[in-house]
Amino acid sequence: MNNYSEKFEKMRIAGKLAANTLDMITEYIKPGISTEKIDTLCFEYIRDNGGYSAPLFYRGYTKSVCTSLNHVICHGIPSDRTLVEGDILNIDITAVVNDFYGDTSRMYVIPDISVKAKNLIDTTYESLINSIKILKPGIKLGDIGYEIQSYVEKKGFSVVRDFCGHGISNVFHEPPNILHYGNKNTGKELEPGMTFTIEPMINAGKFESKVLNDGWTAVTKDKSLSAQFEHTVGITENGYEIFTESDKHIQSPCIK
């Protein structure tokens, strides 16, 4: 048995609860539901299944999940805003179980969305999966960023620079930072036992962002659409493990 087996087992439990929460909420994503209601449903599901919603009261944040609509890049605060036709929505969940964290996000759509919005969402998801597939001991953090950036920019989209993935275990955010852009063979080398998130935020327009006066909500400066997917992963002796995969194999309502 390796020296991170116990850690990985705890990460699996937290990751599964986070993924199950996103699976649960899928059926509720319809016109007329408010992001506040989404927040309540996710909080109750995590609580009722033995976990706690990590964002709640984290650095003063007052909600249990982040709901980022349309041109919101990340950290959108749930409110009485209801979903309408054409919306794209990222729901970001972090569940804590026995002091370990599972962090994941997924895109949801209210049909009918534009072709560009669909392409943006598909490209974002594919960039995440492409970057996970290369994970193994010996590659470097820059390889992850390069894989995402090179793929996304070929599709005509841009990678947000101001936010990144992060180490995670029994601490919500810890080193290393996982940039979603970069150069091959640069940065820290991956080692067995490392656990972190990869969570590319991809804009339909330019990559620049700004944070609104609420201190949380990050939006695209040019008001273009933004999409994000996130998984929590661990590095094994010869590859990787995804802790936040859907048991129902749900990726995104947009992807066919």
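Model, not experiment: these values are computed from the prediction. (Residues numbered from 1 in each chain as written. Predicted model: local features only at pLDDT ≥ 70, side-chain atom pairs only at ≥ 80, totals over all residues. Heavy atoms only, no water.)

1. Quick notes on the sheet that holds strand β3 (residues 72-74)
Defined as follows: Any two strands with at least two DSSP bridges between them are considered paired. What counts as a helix is a DSSP run of H or I of at least four residues, what counts as a strand is a run of E of at least two, and both are numbered from the N terminus. Axis definition: a line fitted to C-alpha atoms, limited for helices to the stretch in contact. Angles are taken between N-to-C directions and run from 0 to 180 degrees.
A sheet is described by the order of its strands in space; here three strands give the open sequence β3-β12-β11, paired in antiparallel fashion. Both outer strands of the open sheet, β3 and β11 (209-211), are each paired with one neighbouring strand and no more. Between one strand axis and the next, the sheet turns by 40° as a mean value, whatever way the strands run. In this structure, β3 lies alongside strand β12 (residues 218-220), joined through two bridges in antiparallel fashion.

2. A short note on the nonpolar core
Nonpolar side chains in soluble globular proteins tend to end up buried together. Quick note on the threshold: Residues belong to a common nonpolar core when they are buried Ala, Val, Leu, Ile, Met, Phe, Trp, Tyr or Cys residues joined through side-chain atoms within 4.5 Å. Partly exposed residues are those whose accessible area sits between 20% and 50% of the maximum for their type, while under 20% is buried and over 50% is exposed, using a 1.4 Å probe and protein chains only. In what follows, residue pairs with any heavy atoms lying within 4.5 Å of each other are defined as contacts.
Core analysis: the largest hydrophobic core is formed by 30 residues, its most contacted members being Ile-132, Leu-135, Ile-144, Leu-190, Phe-196 and Ile-198. If you list the elements that add at least two residues to this core, you get β5 (100-109), α3 (115-133), α4 (141-154), β9 (195-198) and β14 (231-235). Leave out the neighbours within four places in its chain, and Ile-132 touches Ile-198, His-231, Val-233, Tyr-240 and Ile-242. Within the second largest apolar cluster, 22 residues are counted, among which are Leu-41, Val-65, Ile-91 and Tyr-108.

3. Focus: the pattern of salt bridges
Stated precisely, the cut-off is as follows: Think of a salt bridge as a Lys or Arg side-chain nitrogen and an Asp or Glu carboxyl oxygen that are within 4 Å of each other.
On inspection of all chains with the given rule, the structure shows nine salt bridges. The closest approach of N and O atoms between Glu-9 and Arg-12, which form a salt bridge, is 2.8 Å. Of this pair, Glu-9 and Arg-12 are both found in helix α1 (residues 5-25), three residues apart, which corresponds to roughly one turn of the helix. Glu-9 gets classed as partly exposed once you look at its relative accessible area, which sits at 39%.

4. With respect to the environment of Ile-29
Following the sequence through the fold, Ile-29 ends up in the loop between α1 and α2 (35-48). Between the alpha carbons of Ile-29 and Tyr-108 there is a distance of 7.3 Å; along the sequence they are 79 residues apart.

5. Quick notes on the sheet that holds strand β6 (residues 158-159)
Read from one edge of the open sheet, three strands run β6-β10-β13, paired in antiparallel fashion. Two strands in the sheet have a free side with no partner beyond their single neighbour: β6 and β13 (226-228). Both strand β10 (residues 201-203) and β13 contribute to a ladder of three bridges, which runs antiparallel. Looking at β13, one finds that Ile-202 is bridged to Ala-227. In this fold α3 packs onto β10 and β13, with an angle of close to 30° to the strand it touches most, β13.

6. Some details on the layout of surface pockets
This is how it is decided: Of the two site types, the cavity is a set of points on a 1 Å grid over the protein atoms alone where a 1.4 Å probe fits but cannot get out, and the pocket is an open set with protein on both sides within 12 Å along at least five of seven lines, each lined by residues with an atom within 4 Å of a point. Grid points are joined across faces, edges and corners, and a volume is the space filled by probe spheres set on the points. Nonpolar residues are Ala, Val, Leu, Ile, Met, Phe, Trp, Tyr, Cys and Pro. Charged residues are Asp, Glu, Lys and Arg, and all others, Gly as well, are polar.
Here the largest pocket defines a volume of roughly 500 Å³. Those elements that place two or more of their residues in the lining of the largest pocket are β4 (88-97), β7 (165-167) and β8 (174-178). When residues of the lining of the largest pocket are assigned to their parent elements, the largest contribution, three residues, is made by β8. For the lining of the largest pocket, the per-class residue count stands at 11 nonpolar, seven polar and six charged.

7. What about the packing of α1 against α2?
What counts is decided by this rule: Should an angle lie under 35 degrees it is considered roughly parallel, over 145 roughly antiparallel, and from 65 to 115 roughly perpendicular; all remaining angles are considered oblique. Helix crossings are classified by the rotation of the near helix relative to the far one: an anticlockwise turn of less than a right angle makes the crossing left-handed, while a clockwise turn makes it right-handed.
The geometry of α1 relative to α2 is characterised by a closest axis approach of 10 Å and an angle of 135° between their N-to-C directions. On the basis of their axis angle, the class for α1 and α2 is oblique. Where α1 crosses over α2, the handedness of that crossing is right-handed. Residues Leu-17, Asn-20, Thr-21, Met-24 and Ile-25 of α1 touch α2, and the partners they reach there are Ile-38, Leu-41, Cys-42, Tyr-45 and Ile-46. Partitioning the contact of α1 with α2 into residue classes produces eight nonpolar, two polar and no charged.

8. So, the packing of aromatic side chains
As a reminder of what qualifies: Whether two aromatic rings pair depends on their centres lying within 6.5 Å, for rings of Phe, Tyr and Trp, where Trp uses its six-membered ring; planes under 30 degrees apart make the pair stacked, over 60 edge-to-face, and the rest tilted. The criterion for a charge sitting over a ring is simple: Lys NZ or Arg CZ within 6 Å of the ring centre, and within 35 degrees of the ring normal.
Per the counting criterion, the structure on display carries six aromatic pairs. Taking the centre distance of 4.6 Å and the plane angle of 45° together, the rings of Tyr-4 and Phe-8 count as tilted. As far as the burial class goes, Tyr-4 and Phe-8 line up, both buried. Taking NZ or CZ as reference, Arg-161 lies 4.8 Å from the ring centre of Tyr-181, over its face. The ring of Phe-207 is capped by Arg-161, whose NZ or CZ atom sits 4.3 Å from the centre of that ring.

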